[in-house]
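Coordinates in review
This is what each chain is made of:
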Amino acid sequence: MIIVENLSKIFESKTERVAAVDGVGFTVEAGEMVTLLGPSGCGKTTTLRCVAGLERPNDGRIQVDGAPVVDCPAKTFVPPHLRNLGMVFQSYAIWPHMTVFDNVAYALEGKKLARAEIRRRANEALELVQLDGFADRPAPRLSGGQQQRVAIARALAGSPSALLFDEPLSNLDAKLRSEMRSELRRLQQQVGLTSIYVTHDQSEALAISDWIIVMRAGRIVERGRPTEIYRAPKSLFTAQFIGNTNLIPGTVKAAAQGGGPVRVETAMGTMAGLDPNNDLKVGEAVRLSIRPEDLAITGAGAPGAENALTGRVRVATFQGSAVEAELAAGEETIQCHFGRDVELAQGAEINLTFDPLSAVVLRDEALEDELDAA
Ligand SMILES: Nc1ncnc2c1ncn2[C@@H]1O[C@H](COP(=O)(O)OP(=O)(O)O)[C@@H](O)[C@H]1O
Ligand SMILES: [Mg+2]
């Protein structure tokens, strides 16, 4: 188990002062995979490096399995090699002049283990990453995916308290990345590894995490299960960062009562959705977030009906398993994701509706710059 409390790291130069991590706190329970997700520069790597001991924070505390490894107020700092943590980076950092086996065994050299024990542990780790047939192969004669497996085996061989991953799949091509995703998840669950995983890739985070922590500008925006974060994000930042969504501007017309929906006045009429924070007030500027797959085609709706949109098909593309369509609805562009059998002619007018339970209403905020930089 890892506990991070009130972690801060400031980088200072003559010209600049960057609060890379600004009061971050979270817990990783034993056996869980917790992902730090956010755009480039939001402080993910710095947070992870503080946990690893590669960076000295300015403030905060970190505990690994009950032992303090960082306690800034008490001036405690345990050096990285005494923290018993395994790290896997984006660059595989494997030694090119060694075999696969030696790359893994090397990580155990400093541990005063008998030769036979080193051999046993290295082979076990290679088996876990399904590279047991490759022990004698020179490390450079492996594919990118296999090299990353070696790096993971090396991190596992030392039986660490936890594994720390920093964008480990970003150097792999798309197909391999999605294979390695499932592979990492299988491995993490099989071994019951406590892990912190850093990525800017929201689909990767959704696929592999027990918990996702969304970060923005050195701080935590929200934390939740992947399904919660996707279905009911608590901020516009998260809604826009994770998956595709339609964000329809409006004003709160009636606040939520007893867990019921909020009513929002939009250019397309009144729409109802959930208020995930339960704090919106009448008159506030909001965005209604509707996922493309939550929009359904209906017949002509009753005039003035809630949650009814009408749009003209700008373009519809058949994707094999689905049909993606872009509709023009007044000033707005609406993205839809329909089943594969839907046929849409360009220019056709269609009526759409959605379940208020699938839409969330979020306080409006300016975001453009940050997300463009991501
Ligand atoms: N060694 C460093 N010196 C100065 N600034 C740094 C250093 N490392 C990171 N930063 C800055 O801290 C912020 C967070 O960086 P980082 O933790 O690498 O973000 P992420 O991993 O989310 O992309 C960025 O603004 C980055 O430029
Ligand atoms: Mg990074």
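Here's what I pulled together on the structure shown here.

Close to ligand 1 lie Phe11, Val18, Ala20, Pro39, Ser40, Gly41, Cys42, Gly43, Lys44, Thr45 and Thr46, which account for all nearby residues. A distance of 2.8 Å separates an oxygen atom of ligand 1 from a polar atom in the side chain of Thr45. Residue Thr46 places a side-chain N or O atom 2.5 Å away from an oxygen atom belonging to ligand 1. Compared with its free state, where it exposes 560 Å², ligand 1 has 59% of that area covered by protein. The set of elements that each furnish at least two residues to the shell around ligand 1 consists of strand 2 (17-28) and helix 1 (44-52). For the shell around ligand 1, the per-class residue count stands at five nonpolar, five polar and one charged.

A separate point is the packing of helix 4 (residues 144-157) against helix 5 (residues 174-191). Direction vectors running N to C along helix 4 and helix 5 enclose 20°, while the axes themselves pass 11 Å from each other. On the basis of the axis angle, helix 4 is roughly parallel to helix 5. Relative to helix 5, the crossing made by helix 4 is right-handed. Together, Gly145, Gln148, Arg149, Ile152 and Leu156 of helix 4 and Leu176, Met180, Glu183, Leu184 and Leu187 of helix 5 make up the contact between the two elements. Its residues assigned to classes, the contact of helix 4 with helix 5 comprises six nonpolar, two polar and two charged.

This part covers the sheet that holds strand 1 (residues 2-12). Within a sheet, neighbouring strands are paired by backbone hydrogen bonds and run either parallel or antiparallel to one another. The antiparallel open sheet is built from five strands, whose spatial order is 2-1-4-5-6. Both outer strands of the open sheet, strand 2 and strand 6 (76-77), are each paired with one neighbouring strand and no more. As judged from the two bridges shared by strand 5 (residues 67-71) and strand 6, these two strands associate in the antiparallel manner. The partner of Val70 across the bridge, within strand 6, is Phe77. Across the sheet, helix 1 touches strand 1, strand 2, strand 4 (59-64) and strand 5, and the angle it forms with strand 1 is around 115°.

The biggest cluster of nonpolar side chains holds 36 residues, and the ones touching the most others in it are Val104, Leu126, Ile152 and Leu156. Among the elements of the structure, helix 2 (100-106), helix 3 (115-128), helix 4, strand 8 (162-166) and helix 5 are those that each provide at least two residues to this core. In terms of nonpolar packing, the next biggest core, distinct from the first, is built from 29 residues, Ala52, Val64, Val70 and Val198 among them.

So, about the pairing of strand 5. Relative to strand 5, strand 4 runs antiparallel, the two being bridged by four bridges. If you follow Gln63 over to strand 5, its bridge partner there is Pro68. Here strand 4 folds back onto strand 5 in antiparallel fashion, the turn holding two residues, of which Asp65 has a positive phi close to 45°. Taken together, strand 5 and the strand that follows it, strand 6, pair antiparallel across an intervening segment of four residues, in which Lys75 is found at a positive phi of about 55°.

Enumeration according to the criterion identifies three aromatic pairs in this entry. Consider the rings of Phe165 and Tyr197, whose centres lie 5.5 Å apart with planes at 40°: the pair is tilted. One end of the pair, Phe165, is in strand 8; the other, Tyr197, is in strand 9 (residues 195-199), and 32 residues separate them in sequence. A residue is classified by how much of its surface remains accessible, and Phe165, at 3% relative accessible area, is buried. By relative accessible area, Tyr197 is classed as buried at 0%.

Glancing now at the sheet that holds strand 12 (residues 246-254). Strand order in the open sheet made by the five strands is 14-13-12-15-21, with antiparallel pairing throughout. Strands at the two margins of the open sheet, each flanked by one partner only, are strand 14 (269-273) and strand 21 (360-363). This sheet shows a mean twist of 45° between the axes of neighbouring strands, independent of strand direction. Relative to strand 14, strand 13 (residues 262-266) runs antiparallel, the two being bridged by five bridges. Bridging across to strand 14, Val264 finds its partner in Met271.

Note that Ile152 resides in helix 4. Placed 60 residues apart in sequence, Ile152 and Tyr92 show a C-alpha to C-alpha distance of 8.8 Å. If sequence neighbours within four positions are ignored, Ile152 has contacts with Val88, Val129, Phe165, Met180, Leu184 and Leu187.

Thresholds applied
Residues numbered from 1 in each chain as written. Chains lettered and ligands numbered in written order. Predicted model: local features only at pLDDT ≥ 70, side-chain atom pairs only at ≥ 80, totals over all residues. Heavy atoms only, no water. Near = heavy atom within 4 Å. Polar contact = N/O pair within 3.5 Å; in protein donor to acceptor, adjacent residues only side chain to side chain. Areas by Shrake-Rupley, 256 points an atom, 1.4 Å probe, with all protein chains shown as cover. Helix = DSSP H or I, 4+ residues; strand = E, 2+ residues; numbered from the N terminus. Nonpolar A, V, L, I, M, F, W, Y, C, P; charged D, E, K, R; others polar. Axes fitted to C-alpha atoms, helices over the stretch in contact; angles between N-to-C directions. Parallel < 35°, antiparallel > 145°, perpendicular 65-115°, else oblique. Left-handed = near helix turned anticlockwise from the far one by under 90°. Contact = heavy atoms within 4.5 Å. Pairing = 2+ DSSP bridges. Core = buried A, V, L, I, M, F, W, Y, C linked by side-chain atoms within 4.5 Å. Buried < 20%, exposed > 50% of the residue type's maximum accessible area, 1.4 Å probe, protein only. Phe/Tyr/Trp six-rings, centres within 6.5 Å; stacked < 30°, edge-to-face > 60°.

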